Amino acid sequence: MEKLMMALDQGTTSSRAILFNHDGEIIEVAQREFEQFFPKSGWVEHDANEIWTSITACMAEVLRKADIGPAQIAGIGITNQRETTVVWDRHTNKPIHKAIVWQSRQTTDICKSLINQGYQDTFRKKTGLLMDPYFSGTKVKWILDNVEGAREKADNGDLMFGTIDSWLIYKLTGGEVHVTDYSNASRTLLFNIHDLNWDDELLSILDIPKSMLPEVKSSSEIYGTTIDYHFFGHNVPIAGVAGDQHAALFGQACFEQGMVKNTYGTGCFVLMNTGEKAVESNHGLLTTIAWGLDGKVEYALEGSIFVAGSAVQWLRDGLRMFTDAKQSEEYATRVTSSDGVYLVPAFVGLGTPYWDSDVRGAMFGLTRATKKEHVIRATLEALAYQTKDVVEAMVGDAAIPLKSLRVDGGAVKNNFLMQFQSDMLGVNVQRPVVNETTALGAAYLAGLAVGFWDSKQQIASQWKIDQTFAPAMQQDERDQLYNGWKKAVEATRVFK
Ligand SMILES: Nc1ncnc2c1ncn2[C@@H]1O[C@H](COP(=O)(O)OP(=O)(O)O)[C@@H](O)[C@H]1O
Ligand SMILES: O=P(O)(O)OC[C@H](O)CO
């Protein structure tokens with residue numbers, strides 16, 4: 001009976017369970033979408049219970065589709081949308097509020113007040129992050145300040161906080177285990193990424209009791225086992241955890257210092273492995289823990305682009321320019337250039353390197369000759385320009401030149417985008433055979449802990465290229481196009 005690893009990939013819009021074999025190949029996938037709640041402008045929430053039931057449904061479905069029993073699962077790896085915050089009652093095991101999602105801007109005022117009180121630098125130095133509503137810390141504070149009775153319960157030690165990984169492990173183990181891993185902890189704004197502890201000073205500034213916090217563990221070890229009734233009578237080890245972008249870096253086998261991956265999904269997340277060195281950024285990048293493994297942590301520099309594939313969705317659903325995201329390639333290649341059109345998709349502000357949450361999207365260079373094809377092409381090009389902005393910042397901070405870019409995520413099927421990305425960066429863009437690198441990374445981390453795989457070297461040898469895109473653009477054309485983008489971003493930022 002061939003054993004398999006199961007990865008649970010709990011993302012922003014859907015949950016997935018994926019089975020992998022020894023060669024790191026996908027055997028079967030099950031996926032469930034769940035509801036997005038937008039209670040006020042800029043707020044985004046999820047129902048943590050619905051997330052939990054979507055995951056259990058996927059676990060059952062993937063076994064059924066693969067026609068295998070739970071005894072064939074050697075271990076479970078979990079990877080998750082990061083920063084999204086759940087607070088639950090330790091006695092009832094029920095969330096006391098909806099999960100506040102990473103995209104949600106509902107703690108903008110808390111962040112502004114902390115910046116005004118001069119705390120920005122304290123948080124940045126200790127956590128590697130910026131004072132932005134994106135991260136978990138101010139979301140926890142918001143729940144304690146706004147949910148009736150929450151503060152008192154928290155002070156009495158009755159509440160628990162977790163990112164989605166913690167919540168799922170807690171549920172899968174029947175409330176036995178309250179843990180997270182270094183990568184997820186490093187996104188909370190509460191964790192000191194240098195001394196690897198929850199930070200008392202930061203907790204006190206945000207007024208969050210330490211008793212709420214999960215224990216922080218490595219990204220690859222056995223945290224507990226599933227209880228019988230959540231896994232069809234089997235106690236399967238939960239053996240790997242990492243935030244989704246960190247798991248993707250691992251699944252892309254970016255194990256050497258200077259290796260970079262970009263995931264093109266709803267947003268784009270570019271991560272560079274910086275090894276055992278926590279590189280401080282001067283260009284608006286985040287310093288984050290890549291993973292904890294083999295008794296040590298490794299760090300990464302991260303650039304977060306909030307709108308990428310969702311701009312393509314906007315063309316599809318908002319402007320109704322096509323019915324399927326993949327048609328964007330066909331339209332973009334019907335013209336030979338975007339003819340001077342630039343789209344700056346700052347629909348929810350701009351992330352790295354600008355961190356400008358008040359700016360909104362804009363389009364430039366329109367003429368009477370502008371066609372839908374130009375707009376579509378300009379939108380795809382914007383994904384590549386935003387990535388170039390991040391990569392330039394990264395190379396500057398890490399003082400390591402970019403050798404190549406490993407890519408994954410839904411939009412990398414778009415060959416036009418991949419070629420333009422390579423042209424813009426002037427390096428090879430490498431698309432691997434297995435595009436589900438996030439789930440694969442979680443499976444690898446769990447598989448290392450249960451002996452399913454032996455080493456990072458073995459994992460690296462399993463990484464295979466589907467297609468390499470080599471730069472074919474002259475430097476002066478590259479410069480001219482990119483300068484136009486820079487001007488468009490500058491002009492967009494003036495208009496707010
Ligand atoms: N062929 C394509 N060209 C451009 N964008 C695409 C294409 N296929 C999918 N996308 C975009 O990729 C995104 C989906 O990717 P996915 O990795 O599943 O995202 P997430 O994990 O963030 O939900 C969508 O925003 C969609 O618009
Ligand atoms: O769920 P995704 O793939 O959109 O990723 C979300 C990120 O982890 C947010 O930081």
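Sequence order sets the numbering: in each chain, residues are counted from 1 along the sequence as written. Naming scheme: in the order in which they are written, chains are lettered from A and ligands are numbered from 1. Where totals are concerned, whole chains, interfaces and linings use all residues; where local detail is concerned, this predicted model gives features only for residues with pLDDT of at least 70, and gives and counts side-chain atom pairs only at 80 or more. Derived side-chain values reflect all non-hydrogen atoms in the structure, with water molecules and hydrogen atoms excluded from consideration.

## Regarding empty space enclosed by the protein
Now for step 1: Method remark: on a 1 Å grid restricted to protein atoms, a set of points is classed as a cavity if a 1.4 Å probe fits but cannot get out and as a pocket if it is open with protein on both sides within 12 Å along at least five of seven lines; lining residues have an atom within 4 Å of a point. Grid points are joined across faces, edges and corners, and a volume is the space filled by probe spheres set on the points. Within the structure shown, the criterion is met by 1 cavity of 30 Å³ or more.
Now for step 2: By volume, the largest cavity amounts to about 50 Å³.
Now for step 3: The classification used treats Ala, Val, Leu, Ile, Met, Phe, Trp, Tyr, Cys and Pro as nonpolar, Asp, Glu, Lys and Arg as charged, and all other residues, Gly among them, as polar. Of the residues belonging to the lining of the largest cavity, the class tally is 5 nonpolar, 3 polar and 1 charged.

## Here's the deal with the sheet that holds strand 22 (residues 428-432)
Now for step 1: Pairing is mixed in the open sheet, where 7 strands are placed in the order 17-18-16-15-21-22-23. The open sheet has two edge strands, strand 17 (286-293) and strand 23 (465-469), and neither has a second partner. Averaged over all adjacent pairs, the angle separating strand axes in this sheet is 30°, with direction ignored.
Now for step 2: When strand 16 (residues 268-275) meets strand 18 (residues 296-305), the two strands line up antiparallel, connected through 7 bridges. In the sheet register, Leu-271 faces strand 18, and the bridge partner there is Glu-302.
Now for step 3: Contacts: residue pairs with any heavy atoms within 4.5 Å of one another. To get an axis, fit a line to the C-alpha atoms, keeping to the stretch in contact for a helix; angles then go from 0 to 180 degrees between the N-to-C directions. Working definition: helices are DSSP H or I runs of at least four residues, strands are E runs of at least two. Numbering for both runs from the N terminus. The sheet strands contacting helix 9 (residues 244-251) are strand 15 (260-264), strand 16, strand 17, strand 18 and strand 21 (404-408), and the helix crosses strand 17 at an angle near 60°. Only strands that DSSP links by at least two bridges are regarded as paired with each other.

## Overview of the pairing of strand 8 (residues 159-163)
Now for step 1: Here the term buried applies to any residue with accessible area under 20% of the maximum for its type, exposed to any over 50%, and partly exposed to those in between, with areas from a 1.4 Å probe on protein chains only. Here strand 8 lies mainly inside the structure; 5 of its 5 residues are buried.
Now for step 2: Alternating positions in strand 8 separate into two faces, Leu-159, Phe-161 and Thr-163 on one and Met-160 and Gly-162 on the other, with burial throughout.
Now for step 3: Where strand 6 (residues 85-89) and strand 8 come together, 5 bridges link them in antiparallel fashion. Each bridged residue has a counterpart across the sheet, and for Val-87 the counterpart in strand 8 is Phe-161.

## Comments concerning the site of ligand 2
Now for step 1: By convention in this text, a residue qualifies as near a molecule or strand provided that one of its non-hydrogen atoms is within 4 Å of it. Gly-11, Thr-12, Gln-81, Arg-82, Glu-83, Trp-102, Tyr-134, Asp-244, Gln-245 and Phe-269 make up every residue found near ligand 2.
Now for step 2: Any N or O atom pair separated by 3.5 Å or less is treated as a polar contact, with the protein-specific requirement of one donor-capable and one acceptor-capable atom, and with residues adjacent in sequence counted only for side-chain atom pairs. A distance of 3.0 Å separates an oxygen atom of ligand 2 from a polar side-chain atom of Arg-82.
Now for step 3: Contact between ligand 2 and Asp-244: an oxygen atom at 2.6 Å from a side-chain N or O atom of the residue.
Now for step 4: To be clear on the numbers: accessible area is Shrake-Rupley with a 1.4 Å probe, and residue cover counts the displayed protein chains and nothing else. Burial of ligand 2 by the surrounding chains reaches 87%, relative to a free accessible area of 310 Å².

## Describing the nonpolar core
Now for step 1: In terms of nonpolar packing, the biggest core is built from 77 residues, with Phe-20, Tyr-134, Leu-190, Phe-191, Trp-198, Met-212 and Phe-250 touching the most fellow members.
Now for step 2: The biggest single contributor to this core is helix 14 (residues 437-449), with 8 residues.
Now for step 3: Not counting chain neighbours up to four residues away, the residues in contact with Met-212 comprise Val-87, Val-140, Leu-144, Ala-154, Leu-159, Met-160, Phe-161 and His-178.
Now for step 4: Core analysis: the next-biggest nonpolar cluster, separate from the first, contains 55 residues, Ile-400, Leu-402, Val-412 and Val-489 among them. Take the buried residues of types Ala, Val, Leu, Ile, Met, Phe, Trp, Tyr and Cys, join any two whose side-chain atoms come within 4.5 Å, and each joined set is a nonpolar core.

## A look at the packing of helix 10 (residues 309-318) against helix 12 (residues 372-398)
Now for step 1: The N-to-C vectors of helix 10 and helix 12 enclose an angle of 165°; their axes lie 9 Å apart at closest approach. For the element pair helix 10 / helix 12, the angle class is roughly antiparallel. Here helix 10 and helix 12 pass one another in a crossing that is right-handed. Along the contact surface, helix 10 presents Gly-309, Ala-311, Val-312 and Leu-315, while helix 12 presents Val-375, Ile-376, Thr-379, Leu-380 and Leu-383.
Now for step 2: Considered class by class, the residues forming the contact of helix 10 with helix 12 number 7 nonpolar, 2 polar and no charged. These descriptions rest on fixed angle ranges, namely under 35 degrees for roughly parallel, over 145 for roughly antiparallel, 65 to 115 for roughly perpendicular, and the rest for oblique. The crossing is said to be left-handed when, going from far helix to near helix, the turn is anticlockwise and less than a right angle, and right-handed when the turn is clockwise.

## Description of the UniProt feature "binding site: sn-glycerol 3-phosphate" (unreviewed entry) in the chain
Now for step 1: UniProt positions are given in the numbering used here, feature names are shortened, and annotations may be inferred rather than shown by experiment. As annotated in UniProt, the feature "binding site: sn-glycerol 3-phosphate" (unreviewed entry) corresponds to Thr-12, Arg-82, Glu-83, Tyr-134 and Asp-244 in the numbering used here.
Now for step 2: Tracing the chain through its elements places Glu-83 in the loop between strand 5 (73-80) and strand 6.
Now for step 3: In contact with Glu-83, not counting residues within four places along its chain, are Ile-100, Trp-102, Tyr-134, Phe-135, Ser-136, Lys-139, Thr-163 and Arg-187.
Now for step 4: The exposure class assigned to Asp-244 is buried, which follows from its relative accessible area of 13%.
Now for step 5: In contact with Asp-244, other than residues within four places in its own chain, are Thr-79, Asn-80, Gln-81, Arg-82 and Thr-438.

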